[in-house]
Amino acid sequence: MTTPATTIDRALQHVYKEVLRRNPGEHEFHQAVEEVLGSLGPVVKRHPHYLAERVIERLCEPERQIIFRVPWTDDAGQVQINRGFRVEYSSVLGPYKGGLRFHPSVLLGTVKFLGFEQIFKNALTGLPIGGGKGGSDFDPKGRSDAEVMRFCQSFMTELYRHLGEYTDVPAGDIGVGGREIGYLFGQYKRITNRYEAGVITGKGLAWGGSRARTEATGYGTVYFANEMARHVGRSLDGQRVVVSGSGNVAIYAIEKVTEFGGTVVAASDSSGYVVDEAGIDLDLLKDLKEVRRERISRYAEEKGGDVRFVEGGNIWDVPCEVALPCATQNELDEEAATTLVRNGTHIVAEGANMPCTPGAVRVFQEADVLFGPGKAVNAGGVATSALEMQQNASRDSWSFEHTDERLGEIMRNIHESVVTTAEDYGRPGDYVFGANAAGFTAVADAMLAMGVI
Ligand code: NDP
Ligand code: 2IT
């Protein structure tokens, strides 16, 4: 067990106990709930009706959970069976909205943790989107395009009946990018005989996608980190930065850090990390990861010189001033956090969902490292998905500059709302508290207005 970052207020302990009892073994879900409940003590003290009306208990129970079989045939003619999930968590603020993750580690508890986070993240964007998440234990690694297509078609053949532009709108996440979104949308269109562009986001630009959606999560992460730096009179210019992962979020975080004058010296995948003191060569990384679908070790092989690949190692051993974990949950633990603090890191912003363990968050907070939680920091992806829905609804297509400008504005607004909420409760600089309190309050108030739902 890891050490919790904050303790849950006595008034809310019964809620957490009940979550543990009703959801046995779902550790990631427990962790995500514990993190939010850890912030809500002062909120329910100020607004006791949230407790009386049992809003928090209601939010801990998804509105609907769908689990289904996904049978498909591989290139050798062998039948394969995977499990598909969609957790439709909360539709208080809009249609269920959140990505699909294809990774062998996906269990119901994984999807529930992600869906729970998504409710508050989406609320923070200020846009009309509810919270949901889905995915499968399908592993796209090493699969041909034809296999991925057959899997996606089978997955959508079951899921389509639960979706709709006013009902539930999926997008990508780990293992789901433009290729998968294309296959999924194509199958939805065939089954329903409707060109319902707003039913899924992350589409290609030629068929209803939004400019800047591919870049949005990574760019948004860096816009947020930049706001954090500015808030304490610093900047990202000249900073030494480490970004974990080398997928969608990591690549565009690296791109934006570089534009802001920082140098990203290390990146990773699940096999290890590379260190390039000259700054990660983004053209090469994009080609390796987006086109050739290679392992990160190839980066060092093709660069040569002083560039090193460290197999299996911990990327957080690389000294940096700014750390952006952009790979996966619980990738940065207490020990790694202690190393970062010792090496002088002063900003940590979560591009991934829940990449820092509770123990790591506690280490950062005790050391006065500015720590930005994923539900605020990485909200630019889903926010731009909502902008994609807006373009689809009006049958319009915006320029890159306009969309990126909106993204920047949304990230500044989220930062402002998180910071002012934290200050309002006498906890200046506590981004975890600010994000949870602001996100929760927005959802809770709308929910109460709608009665017992
Ligand atoms: P991608 O699939 O594009 O990339 C994921 C990256 O993380 C890869 O480099 C992958 O390495 C690495 N990774 C994944 N799982 C593990 C693991 N178990 N151990 C070590 N490394 C791992 O996904 P995204 O970039 O889209 O997502 C990254 C994170 O950002 C996730 O937490 C996701 O939920 C979050 N996020 C994504 C958004 C989006 O719009 N895409 C929006 C908001 C948050 P390998 O290839 O070796 O598996
Ligand atoms: O975690 C996330 O916010 C995402 N994977 C993006 C969700 C979306 O609907 O764009």
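If you're wondering where the values come from, they're calculated on a predicted model, not measured in any experiment.

## With respect to the packing of helix 15 (residues 380–393) against helix 16 (residues 400–424)
When two helices pack together, their arrangement is given by the angle between the helix axes and by the axis-to-axis distance. Between helix 15 and helix 16, whose axes approach to 10 Å, the crossing angle comes to 130°. Taken together, the axes of helix 15 and helix 16 lie oblique to each other. Read as a crossing pair, helix 15 and helix 16 show a hand that is right-handed. Contacts from Gly380, Ala383, Thr384, Leu387 and Gln390 of helix 15 reach helix 16 at Thr403, Arg406, Leu407, Ile410 and Met411.

## A short note on the site of ligand 1
As a structural note, the neighbourhood of ligand 1 is formed by 25 residues, with Asp173, Thr217, Ser270, Arg295 and Asn353 the closest of them. A distance of 2.9 Å separates an oxygen atom of ligand 1 from a polar side-chain atom of Arg101. Contact between ligand 1 and Ser270: an oxygen atom at 2.4 Å from a side-chain N or O atom of the residue. For ligand 1, whose unbound accessible area comes to 900 Å², protein coverage reaches 83%.

## Let's talk about the sheet that holds strand 7 (residues 263–269)
One open sheet accounts for seven strands, arranged 9-8-7-6-10-11-12; its pairing is mixed. If you trace the sheet from one side to the other, it starts and ends with strand 9 (308–311) and strand 12 (370–372), each paired once. On average, each strand axis in the sheet is inclined to that of its neighbour by 15°, with strand direction left out of account. Where strand 6 (residues 240–244) lies against strand 7, three bridges are found, and the strand directions are parallel. Among the inter-strand pairings, Val242 is bridged to a residue of strand 7, identified as Ala266.

## Observations concerning the site of ligand 2
Taken together, 14 residues surround ligand 2, and among them Lys97, Lys121, Lys133, Arg213 and Ser385 come closest. Taking Lys97, its side chain carries an N or O atom lying 2.6 Å from an oxygen atom of ligand 2. A distance of 2.5 Å separates an oxygen atom of ligand 2 from a polar side-chain atom of Ser385. Bound to the protein, ligand 2 loses 94% of the 300 Å² it would expose on its own. Every element with two or more residues in the shell around ligand 2 is listed here: strand 3 (96–102), helix 5 (108–125) and helix 15. Across the shell around ligand 2, the residue classes tally to two nonpolar, seven polar and five charged.

## Digging into the nonpolar core
In this structure, Leu324 and Ile414 are the most contacted members of the largest nonpolar core, which totals 58 residues. In terms of residue count, helix 8 (residues 213–231) provides more of this core than any other element does, eight residues in total. Phe29, Val111, Val443 and Ala444 belong to the second largest nonpolar core, which has 40 residues in total.

## Details of the environment of Glu63
For Glu63, the position within the fold is in the loop between helix 4 (55–60) and strand 1 (64–73). For Glu63, a relative accessible area of 39% puts it in the partly exposed group. Linking Glu63 and Arg240, residues 177 residues apart in sequence, is a C-alpha distance of 44 Å. Beyond its immediate sequence surroundings of up to four residues, Glu63 is in contact with Glu88, Tyr89, Ser90, Ser91, Val92 and Tyr96. A distance of 2.8 Å separates the side chain of Glu63 from the side chain of Ser91, its partner in a polar contact.

## Some details on the side chain of His30
If you trace the backbone, His30 turns up in helix 2 (residues 27–46). There is a polar contact of 2.7 Å between the side chain of His30 and the backbone oxygen of Asn23. Other than its neighbours up to four places away in sequence, His30 contacts Tyr16, Val19, Leu20, Asn23 and Gly25.

Conventions we followed
- Residues numbered from 1 in each chain as written.
- Chains lettered and ligands numbered in written order.
- Predicted model: local features only at pLDDT ≥ 70, side-chain atom pairs only at ≥ 80, totals over all residues.
- Heavy atoms only, no water.
- Axes fitted to C-alpha atoms, helices over the stretch in contact; angles between N-to-C directions.
- Helix = DSSP H or I, 4+ residues; strand = E, 2+ residues; numbered from the N terminus.
- Parallel < 35°, antiparallel > 145°, perpendicular 65-115°, else oblique.
- Left-handed = near helix turned anticlockwise from the far one by under 90°.
- Contact = heavy atoms within 4.5 Å.
- Near = heavy atom within 4 Å.
- Polar contact = N/O pair within 3.5 Å; in protein donor to acceptor, adjacent residues only side chain to side chain.
- Areas by Shrake-Rupley, 256 points an atom, 1.4 Å probe, with all protein chains shown as cover.
- Pairing = 2+ DSSP bridges.
- Nonpolar A, V, L, I, M, F, W, Y, C, P; charged D, E, K, R; others polar.
- Core = buried A, V, L, I, M, F, W, Y, C linked by side-chain atoms within 4.5 Å.
- Buried < 20%, exposed > 50% of the residue type's maximum accessible area, 1.4 Å probe, protein only.

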